[in-house]
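Here's the letter readout for the chains.
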Amino acid sequence: MEMSLGYMEETVDAMGGKGYAVERLCAHYDDASTITGHTFVLTRESVELRMETVVHPEEGERYFLELVNYHGLWSHCFELDSWKHRPDRIEFKYQPRADGSGGLAFTIKFDES
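Residues numbered from 1 in each chain as written. Predicted model: local features only at pLDDT ≥ 70, side-chain atom pairs only at ≥ 80, totals over all residues. Heavy atoms only, no water.

**Student:** Would you explain the pairing of strand β6 (residues 82-86) in this entry?
**Tutor:** Moving residue by residue along a regular strand, the side chains alternate between the two faces of the sheet. Where burial is concerned, the two faces of β6 differ: the one with Trp-83 and His-85 is buried and the one with Ser-82, Lys-84 and Arg-86 is not. Sheet analysis places β6 next to strand β7 (residues 89-94), joined by five bridges and oriented antiparallel. What sits directly across from His-85, in β7, is Ile-90. Taken together, β6 and the strand that follows it, β7, pair antiparallel across an intervening segment of two residues. (Buried < 20%, exposed > 50% of the residue type's maximum accessible area, 1.4 Å probe, protein only. Helix = DSSP H or I, 4+ residues; strand = E, 2+ residues; numbered from the N terminus. Pairing = 2+ DSSP bridges.)

Next comes the structure, spelled out in structure tokens:
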């Protein structure tokens, strides 16, 4: 799957179907309204995640995730390389180096309900 704002919206909708409350925010990051951030706040008991797509006229789209709270675990916002949603889970990937080393991948499993 190619990463895009549309795929992020699809992922957010899938998470909404798994019991996450969804809040959608849109903001412009410059006076000319050319850099736009689409933020999705996903919450449920003991969980708050923020997924964001930033659209830049010259650099294209970039994707970010912040773990505000995941059962006590948190992280600062970081750029995502990719993510995949499946019926039972969502997998996030971050690769900080061009040579493929030092990456992070983690999976959030959805409840069986």
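**Student:** Can you help me understand the sheet that holds β7 in this one?
**Tutor:** Sheet strands line up and pair through hydrogen bonds in the backbone, either parallel or antiparallel. The strand order across the open sheet built from three strands is β6-β7-β8, with neighbouring strands paired in antiparallel fashion. Among the strands making up the open sheet, the edge pair consists of β6 and β8 (104-109). Within the sheet, the average angular offset between the axes of one strand and its neighbour, ignoring direction, is 10°. (Axes fitted to C-alpha atoms, helices over the stretch in contact; angles between N-to-C directions.)

**Student:** How should the packing of aromatic side chains be read in this particular structure?
**Tutor:** What the rule picks out here adds up to six aromatic pairs. Look at Tyr-7 and Trp-83: their rings are 5.5 Å apart centre to centre, the planes differ by 20°, and that puts the pair in the stacked class. Of this pair, Tyr-7 sits in helix α1 (residues 5-16) while Trp-83 sits in strand β6, and the two are 76 residues apart along the sequence. Through pairs of rings, three or more aromatic residues link up here, namely Phe-78, Phe-92, Tyr-94 and Phe-106. Stacked on the ring of Tyr-20, the Lys or Arg Arg-44 has its end atom at 4.9 Å from the ring centre. (Phe/Tyr/Trp six-rings, centres within 6.5 Å; stacked < 30°, edge-to-face > 60°. Lys NZ or Arg CZ within 6 Å of the ring centre and 35° of its normal.)

**Student:** How should the pattern of salt bridges be read in this particular structure?
**Tutor:** When the charged atoms of two side chains with opposite charge come close together, those side chains can pair. By the definition in use, this model includes six salt bridges. For the salt bridge of Arg-24 with Asp-13, the shortest nitrogen-to-oxygen distance reads 2.3 Å. Remark: Asp-13 occurs in helix α1 and Arg-24 occurs in strand β1 (residues 21-28); sequence separation between them is 11 residues. Using a relative accessible area of 44% as the deciding quantity, one classes Arg-24 as partly exposed. Glu-91 is the partner of Arg-89 in a salt bridge, and the nearest nitrogen-oxygen pair spans 2.7 Å. When salt bridges that share partners are traced, they join Glu-59, Arg-62 and Glu-79 into one network. (Salt bridge = Lys/Arg side-chain N within 4 Å of Asp/Glu carboxyl O.)

Geometric values such as these leave the question of function open.
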